[in-house]
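# Observations on chain architecture
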Amino acid sequence: MKAVAVVRRRAYLSLISLTLFSIFYVLGSLVGSRTSPAIAGDVVVSNHPLDGPSELRLYVFVSERCLASRREELRAAIASIRNRLLAIAGAEGLAVVTVGVSLDGDTREGLRALRRLGPFEEVSAGSGWANEIAFRYILSAFPGPEVIPQVVLVRRDPPQSNNPGTSARETLLWRAVGLAEIVRWGSTGLPVLTVKH
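Residue indices begin from 1 for each chain and proceed along its sequence in written order. Owing to the predicted nature of the model, reporting of local features is limited to residues with pLDDT of at least 70; listing and counting of side-chain atom pairs is limited to 80 or more, with chain, interface and lining totals taken over all residues. As a rule here, side-chain values come from all non-hydrogen atoms in the structure, and water together with hydrogens is ignored.

To continue, consider the overall build of the chain. If you tally the helices and strands in the chain, you get five helices and six strands. Each helix and strand of the chain, ordered N terminal to C terminal, gives the series α-β-β-α-β-α-β-α-β-β-α. When checking whether two residues touch, look at their non-hydrogen atoms; a contact exists if any pair is within 4.5 Å. Contacts spanning at least 24 positions in sequence make up 70% of the contacts within the chain whose residues lie at least 6 apart. Looking at the chain as shown, the accessible area adds up to about 10,700 Å², and 58% of this sits on carbon and sulfur atoms. Numbering of helices and strands runs from the N terminus; a helix is a DSSP stretch of H or I covering at least four residues, while a strand is a stretch of E covering at least two. Computed by Shrake-Rupley with a 1.4 Å probe, the accessible areas treat only the displayed protein chains as cover when residues are assessed.

And the structure:
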């Protein structure tokens, strides 16, 4: 009897997840084209109000079930990229925020994957591809390939005025897709980035 309840619960959760993904997919199709990936230099106005310094935000997309996401080379590459970003940011007066994003459906699995790769200033886990951050930085505002692991570098500038409702400005600086590309980026150094505005 208990096994039947577990199966029903899993089926119900799968149905909810599929429904949410479908909704986000349709919304993403309306907001931005999934067939034309965002390229470095694309700019999007964010709805997130900010005050404080401009930020370089490194989004790291992984999954506990993805073997490449569990490799030590990925952890080392992310640490290397982060350290180089800290050096660049310090010279430019920018903050660096590393955001770990797990695309696992199970939040506990996702947090396990992120613990292996951290530290992160922010984390987001659960909901698979319907995860809000994945939706924004891979499926809609800055569309890219639906591949993990993936690293996306964004510059976020605070609003130009203190008026309520003023939005931050985000600029895609770089995207590395797949373990080999991320490791190459981590070992050969960051591309020449224009971080000044």
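Turning our attention to unusual backbone geometry. Here the amide bond leading from Gly 118 into Pro 119 is cis, since omega sits at 15°, within 30 degrees of zero. For Pro 119, the position within the fold is in the loop between helix H3 (107-117) and strand S4 (122-125). Look at the link from Ile 148 to Pro 149: it is a cis peptide, with omega at 0°. Along the chain, Pro 149 falls in the loop between helix H4 (132-139) and strand S5 (150-157). Of note, the phi angle at Ser 127 is positive, near 75°, even though the residue is not glycine. Summarising the element assignment, Ser 127 is placed in the loop between S4 and H4. Residue class for Ser 127 comes out partly exposed when judged on its relative accessible area of 43%. The buried label goes to any residue with under 20% of its type's maximum accessible area, the exposed label to any with over 50%, and the partly exposed label to all in between, with areas taken from a 1.4 Å probe on protein chains only.

On to the environment of Ala 113, then. Relative to the helices and strands, Ala 113 resides in helix H3. Once the C-alpha coordinates of Ala 113 and Arg 65 are considered, the two residues, 48 residues apart in sequence, prove to be 8.6 Å apart. If sequence neighbours within four positions are ignored, Ala 113 has contacts with Val 62, Ser 63, Glu 64 and Asp 104.

Here we take up the packing of aromatic side chains. Two aromatic rings, drawn from Phe, Tyr or Trp (for Trp, its six-membered ring), form a pair once their centres lie within 6.5 Å of each other, and the interplanar angle then sorts them: stacked below 30 degrees, edge-to-face above 60, tilted otherwise. Enumeration over the complete set of coordinates arrives at four aromatic pairs. Taking the centre distance of 5.9 Å and the plane angle of 10° together, the rings of Tyr 137 and Phe 142 count as stacked. Here Tyr 137 matches Phe 142 in class, with each residue buried. Chaining the aromatic ring pairs together yields one cluster made of Tyr 59, Phe 61, Tyr 137 and Phe 142.

Treat this as a map of the structure, not an account of what it does.
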